[in-house]
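Chain residues, written in single-letter form:
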Amino acid sequence: MHRSEIKHKVNVDHFSRYPHRNDVLGQVSTIEEIEYLKKSSSSF
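Residues numbered from 1 in each chain as written. Predicted model: local features only at pLDDT ≥ 70, side-chain atom pairs only at ≥ 80, totals over all residues. Heavy atoms only, no water.

### Notes on helix 1 (residues 3-15)
With 13 residues, helix 1 should cover 18 Å at 1.5 Å per step; its first-to-last C-alpha distance of 18 Å lies within 8% of that length. Once helix 1 finishes, serine 16 follows within two positions and takes phi at roughly 65 degrees, a positive value. (Helix = DSSP H or I, 4+ residues; strand = E, 2+ residues; numbered from the N terminus. Expected span 1.5 Å × (residues − 1).)

Right, here's the structure in full:
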């Protein structure tokens, strides 16, 4: 499995969705997702 695949799986396992896509899909981010997205290491 590639590193990016693992990061995607970790996100789905933890958040049950991709937090990066919330705005595009019109979903409200949780506080935990917002904090996660603020981290520079959260991008792919």
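### Re the pattern of salt bridges
Within this structure, the stated rule accounts for 3 salt bridges. The salt bridge involving aspartate 13 is made with lysine 9; its shortest N-O contact spans 2.7 Å. Taken together, the positions of aspartate 13 and lysine 9, both in helix 1 and 4 residues apart, correspond to about one turn of that helix. Take aspartate 13: its relative accessible area is 52%, and that puts it in the exposed class. (Salt bridge = Lys/Arg side-chain N within 4 Å of Asp/Glu carboxyl O. Buried < 20%, exposed > 50% of the residue type's maximum accessible area, 1.4 Å probe, protein only.)

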